[in-house]
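Structural description and commentary
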Amino acid sequence: MTSFPIPVLGFAAYSGTGKTTLLEALLPKLTAKGLRIGVFKHAHHDFDIDQPGKDSHRLRKAGATQMLIASRNRHALMTETPEKEANFFKLLEQFDLDNLDFILVEGCKNLSFPKMELHREVIGKPWLHPHDDNIFAVASDSDIIESELQHVDINDLDAICALIENFIQGTSATKPATTTSCDSLSPAFLSVEQGLDKILSTLTPPKSTEQQSLFNARLKVIGQDIISPINVPAYCNSAMDGYALRGQDILDGLSSFEVVTEILAGNGYSAEIATGQAAKIMTGAPMPQGADTVIMREQSQQNGQSVSFSVNTKEFKVGQNVRQAGEDLAQNSVVFNQGTRITSPELGMLASLGINRVHNYPQLKVAVFSTGDEVQAPGETLNDHCIYDSNRFTVMAQLERLGCEVVDLGIIDDNKAALESTLLEASTQADAIISSGGVSVGDADFIKTVLNKIGQINFWRINMRPGRPLAFGHINETPFFGLPGNPVAVMVSFLAFVEPALRLMQGEKNWQPNKLKAETESKVFSRLGRTEFTRGIYHLDEFGQLKVRTTGKQGSGILRSMSEANCLIEIPPHVEMAKEGEMVTILPLEGRL
């Protein structure tokens, strides 16, 4: 928020602390000092700001996506966001910043911007500031606070006003002369969504394509729309075993038909079916000329060359049980759009159309390595105080599942020269580089020093668990992903950040991870202010309800828990704990690991 044009200050507190009441008392004191204040309030529930029955409310409920209402004294814009909650930092830009001195925010305590914590002992909730570096001061009714932060009595309005004034003056004094977008966040803490958005904003889909044989195109992404060269079905055919005839004959009351031929799949009948005639026909066989309807075998009684039917004319329809040419797919129509990944169903569909070569985007080449003197390759005798390298193998397996070509660089020792030469070489050979270990903010690993020297790398702390440390940037224009060292954190970080990025680099369009809602069978613990990805096991109960439970202990080094899990339970930052019986979001792992 250091780049935002005016100061932004939040009041961070649990529900019941009295944020609104305090703001209501503070605003007159602040405006009396000549300050022009904007207030941003975040609500966790649905709300209306116009009255039911009024014109604006009726029009909005009728379907207006945006509703602007104005009068002589005020105007308001109401925007519907049913698919995705509006971005906090984009919403701030909607304020008339030229006519404000600062913005006060009530809520949004889990986002990264300066805040004052409000705390009342009677609420019985834990302190927020130990887990949020963005809190610069505390107002509470407690005499004991183990922190060096500025601390005032929550009931002393003048003291709180003084803190706010000092914050505004200090922020204004340090404001840079030029400003950039408010999306240029502090690198200290990013939400999962913010981290992914920052990564994807630096990447571009591929532009060149190559033509490959059908099977070699498996797992690659289609580079241009595929047009069907034929109709599917290619010809008008029977949808079941039965008798092909003129449907009008049934409506005209004919009761007996002459069977003039039998048509098997792969064969045809050159003559035309005349009135009073029928052709015995098998499923998939081409309809003979003149016939437009099939009566299934179960409704027929054939005697020699004559057949009769037990048909209820009220339910009978001319054209029944016939699949028309091009009914599934018309010739010259789009089969698959550009950006579609080719998997087994797509291969089968393309083969059924007679297509044997496909234009697709080139296969991504990804270099992978692990770091650390304490890391050893499986198969070696394990030295004292060392561990076997598991991260490289899980990452390589995930890459192969995405159809990437893997360049295995092995384990790189904590040696600056070796690390630098390896990274520079990888940046010329691969389309992306992935490492594990040595990216924690504040640690002294060699990889940080080397990356800062040869690349443009950001080291972030993500508000998530597991997988808080993350590094991302470029080495010679090649994207670099620095994942944590803990095995589970590596896998979760790959799913959250690397997989979406690689899919974009492969040219895949509109990909989103599959998310479902499930009912918890026990408590799912989390911590306010961060996204929690808990390993879980989901199943359908006897009533068809999706249920989920955790795998047990959730340490970032417990790799067995990922093997046992079939999903991740996603607990958002504003939820402290999911109780038994509550609905939670789960991300199935099948097909992603």
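Every value quoted in this text rests on a predicted model; they were computed, and no experiment measured them.

A separate point is the packing of helix H5 (residues 192-200) against helix H11 (residues 487-505). Between two packed helices, both the angle of their axes relative to each other and the distance between the axes serve to describe the pair. Packing of H5 against H11 leaves a shortest axis separation of 10 Å and a crossing angle of 30°. With respect to H11, the axis of H5 lies roughly parallel. As for how H5 packs across H11, the hand of that crossing is right-handed. Counting all contacts with H5, which are made through Val 192, Gly 195, Leu 196, Ile 199 and Leu 200, the residues of H11 involved are Ala 496, Phe 497, Pro 500, Ala 501 and Leu 504.

We now examine the packing of aromatic side chains. Enumeration over the complete set of coordinates arrives at five aromatic pairs. Of the aromatic side chains, those joined through ring pairs into one cluster are Tyr 243, Phe 257 and Phe 309. Across the ring face of Phe 113, the terminal group of Lys 115 is positioned such that the distance to the ring centre comes to 5.1 Å.

Strand order in the open sheet made by the six strands is S24-S21-S25-S29-S28-S26, with mixed pairing throughout. The open sheet is flanked by strand S24 (405-412) and strand S26 (456-461), the only strands paired with a single partner. Each strand axis lies, on average, 15° off the axis of its neighbour in the sheet, ignoring direction. Across five bridges, the pairing between strand S21 (residues 365-371) and strand S25 (residues 432-436) is parallel. Of the residues in S25, the one forming a bridge with Phe 369 is Ser 435. Of the strands in this sheet, S21, S25, strand S28 (469-475) and strand S29 (478-483) are in contact with H11, which crosses S29 at around 170°.

If you walk across this open sheet you meet the six strands as S2-S5-S1-S6-S7-S8, and the pairing is parallel. Lying at the two open borders of the sheet, with one neighbouring strand each, are strand S2 (37-41) and strand S8 (150-153). Each strand axis lies, on average, 20° off the axis of its neighbour in the sheet, ignoring direction. Where strand S7 (residues 135-140) and S8 come together, four bridges link them in parallel fashion.

Right, let's get into the environment of Gln 363. Mapped onto the elements of the fold, Gln 363 is located in the loop between strand S20 (357-360) and S21. With 86 residues separating them along the chain, Gln 363 and Thr 449 place their C-alpha atoms 31 Å apart. Setting aside chain neighbours within four positions, we find Gln 363 in contact with Glu 210, Lys 220, Gly 403, Cys 404, Glu 405 and Asp 431. Within polar-contact distance, the side chain of Gln 363 engages the backbone oxygen of Gly 403 at 3.1 Å.

Thresholds applied
Residues numbered from 1 in each chain as written. Predicted model: local features only at pLDDT ≥ 70, side-chain atom pairs only at ≥ 80, totals over all residues. Heavy atoms only, no water. Axes fitted to C-alpha atoms, helices over the stretch in contact; angles between N-to-C directions. Helix = DSSP H or I, 4+ residues; strand = E, 2+ residues; numbered from the N terminus. Parallel < 35°, antiparallel > 145°, perpendicular 65-115°, else oblique. Left-handed = near helix turned anticlockwise from the far one by under 90°. Contact = heavy atoms within 4.5 Å. Phe/Tyr/Trp six-rings, centres within 6.5 Å; stacked < 30°, edge-to-face > 60°. Lys NZ or Arg CZ within 6 Å of the ring centre and 35° of its normal. Pairing = 2+ DSSP bridges. Polar contact = N/O pair within 3.5 Å; in protein donor to acceptor, adjacent residues only side chain to side chain.

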